[in-house]
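Summary of the model geometry
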Amino acid sequence: MQENQNQDLENEELYEHHKFVASVGQEPLRVDKFLMNFIENATRSKLQQAAKAGNVLVNELPVKSNHKVKPNDIVRIVLAYPPAENLLVAEDIPLDIIYEDDAVMVVNKPAGMVVHPGHGNYSGTLVNGLIHHIENLPTNSNERPGLVHRIDKDTSGLLVVAKTEAAMANLSRQFFDRTTERLYYALVWGNVAEDEGSIEGNIGRSLKNRLQMAVFPDGDFGKHAVTHYKVLERLTYVTLVQCKLETGRTHQIRVHLKHIGHTLFNDERYGGDDILKGTTFTKYKQFVHNCFKVLPRQALHAKTLGFTHPTTGEFMRFNSEVPEDITACLEKWRTYSENSKAIEEA
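Remember, predicted model here, so these are calculated numbers, not experimental data. (Residues numbered from 1 in each chain as written. Predicted model: local features only at pLDDT ≥ 70, side-chain atom pairs only at ≥ 80, totals over all residues. Heavy atoms only, no water.)

1. Re the overall build of the protein
Scanning the protein from terminus to terminus reveals eight helices and 17 strands. The C-alpha extent of the protein, read off along each of the three principal axes, is 80 × 55 × 40 Å. In the protein, which comprises 346 residues, the proportion classed as buried is 46%. In the protein, of all internal contacts separated by at least 6 residues, the share reaching a separation of at least 24 is 67%. Carbon and sulfur atoms provide 47% of the accessible area of the protein, an area that totals close to 18,100 Å². Averaging the positions of the 39 positive and the 45 negative side-chain charges in the protein gives two centres separated by 7 Å. (Helix = DSSP H or I, 4+ residues; strand = E, 2+ residues; numbered from the N terminus. Buried < 20%, exposed > 50% of the residue type's maximum accessible area, 1.4 Å probe, protein only. Contact = heavy atoms within 4.5 Å. Areas by Shrake-Rupley, 256 points an atom, 1.4 Å probe, with all protein chains shown as cover. Lys, Arg positive; Asp, Glu negative; His and termini not counted. Charge placed at Lys NZ, Arg CZ, Asp CG, Glu CD.)

2. Focus: the environment of R44
For R44, the position within the fold is in helix α3 (residues 44-52). The exposure class of R44 is partly exposed, given its relative accessible area of 32%. Apart from the residues lying within four places of it in its own chain, the contact partners of R44 are R30, D32, K33 and M36.

3. Some words on the environment of M36
Tracing the backbone through its elements, the reader meets M36 in helix α2 (residues 31-36). When its relative accessible area of 32% is taken as the criterion, M36 is described as partly exposed. On a C-alpha basis, the gap between M36 and L211 in space is 9.5 Å, while along the polypeptide they are 175 residues apart. Ignoring sequence-local partners within four residues, the contact set of M36 consists of A42, T43, R44 and L47.

4. Here we look at unusual backbone geometry
Its identity is not glycine, yet T236 carries a phi of approximately 65 degrees, on the positive side. Relative to the elements of secondary structure, T236 occurs in the loop between β14 (226-235) and β15 (238-245). For H251, which is not glycine, the phi dihedral falls at a positive 60 degrees. Relative to the helices and strands, H251 resides in the loop between β15 and α6 (252-259). On the basis of relative accessible area, H251 is assigned to the buried category, the value being 10%.

5. A closer look at the state of the cysteines
All chains considered together, the criterion is met by zero disulfides. Left unpaired, C291 is separated from the closest cysteine sulfur, that of C329, by 4.4 Å. Here C329 falls in the buried class, since its relative accessible area comes to 0%. (Disulfide = S-S within 2.5 Å.)

6. Let's talk about the sheet that holds strand β1 (residues 15-21)
The four strands lie next to each other as β1-β6-β3-β4, forming an open sheet whose pairing is antiparallel. A strand with exactly one partner marks an edge of an open sheet, and here the two such strands are β1 and β4 (61-62). As judged from the two bridges shared by strand β3 (residues 56-58) and β4, these two strands associate in the antiparallel manner. The residue of β4 that forms the bridge with L57 is P62. (Pairing = 2+ DSSP bridges.)

7. Some thoughts on helix α7 (residues 282-294)
The end-to-end C-alpha separation of α7 is 19 Å, in line with the 18 Å expected for 13 residues at 1.5 Å each. Residues of α7 that are buried include every one of Y284, F287, V288, C291 and F292, and no others. All buried residues of α7 project into a common sector of 145 degrees when viewed along the axis, lining one side. Exposed and facing more than 90 degrees away from the buried side of α7 are T282, K283 and K293. (Expected span 1.5 Å × (residues − 1). Arc of directions from axis to C-beta.)

8. Section: α6
Note on helix geometry: an α-helix contains 3.6 residues per turn, so any two residues three or four positions apart are oriented the same way. With six of its eight residues buried, α6 lies for the most part within the structure. Within α6 the residues assigned to the buried category are Q252, I253, R254, V255, H256 and L257.

9. Here we look at the packing of aromatic side chains
Within the structure shown, the criterion is met by 17 aromatic pairs. Considering the side-chain rings of Y237 and Y336, the 6.3 Å spacing of their centres and the 45 degrees angle between planes classify their relative orientation as tilted. Taken as a pair, Y237 in the loop between β14 and β15 and Y336 in helix α8 (residues 324-345) lie far apart in primary sequence, 99 residues in all. Using a relative accessible area of 24% as the deciding quantity, one classes Y237 as partly exposed. An angle of 70 degrees between the planes, with centres 6.4 Å apart, marks the rings of Y284 and W333 as edge-to-face. Highlighted residues: Y284 in helix α7 and W333 in helix α8, separated in sequence by 49 residues. Residue classification places W333 among the buried residues on the basis of a relative accessible area of 0%. Through successive ring pairs, a cluster of aromatic residues spans W189, Y237, F265, Y284, F287, F292, W333 and Y336. Here the basic side chain of K303 rests over the ring of Y185, its NZ or CZ set 5.5 Å away from the ring centre. (Phe/Tyr/Trp six-rings, centres within 6.5 Å; stacked < 30°, edge-to-face > 60°. Lys NZ or Arg CZ within 6 Å of the ring centre and 35° of its normal.)

Any functional reading would require information beyond the geometric quantities listed.
As structure tokens, this is what we get:
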């Protein structure tokens, strides 16, 4: 059976869809369970079907779904067709363009829009809209047209897009050199003690949940990351803060704020969709759930973006309005806070 599978794999062209390397500390774990820790939206039954079809390889050999992954094993999923993200299709998607010239474009991305195609999101992304709007966009090191940086699907706000090879190289250097300006508004759980401060700690893939990032304060893992924050408004059990990115790691603001005990409001991936602060009263619980309905995603918005124009050398700064869902949630918390103060003072 194993020999037949090997022959099948040799007789057809296969494309790598996923590749993971087990960590040094990996305990023996079934390959289907191992892959579920890495691939968002994957189901165990689909992974088992893939293994049965010979599409799951460990150290280049097809394995059954009950195969135990060990430290340093290389696990790949290969299929007979290329990954959908490699088949970019131009789509006529409305874009909120803040600024555009021959070299750059600044876009205000709505919450819910994925920046580039990937597993589970092969259409409707910002890139699909960009390649419809602009022909012959340059690609970055990951072959993604126009992108110099990215923000998460459920984060709203500003992105700069490079329209030429020269602009791509120039802007990429600015992000690498940390000369850009990026300010975010974040609503977090709890009353942030200090009016302002800095969070410093390496960020890397969580060793417990591979869909999350984590802070490694000892610097033994991950990449150097620094976030500066300033309190804008205190609203009893939540705080509105402004975050300034010095570095740009995956989930940086979400992970750094959770690390200091202030998880983003309604951030499902990091536990912010639970009631983390407040009372046990039923009315309060209902109030928070109403806030979750008004703001059905993490409360994070990329409000300000500044960079040096790659052609003119002029420093340009762009601001965006805080979206309606965050504004509506803030108004609810303001009313709650005012009422709470009135009760205390009575």
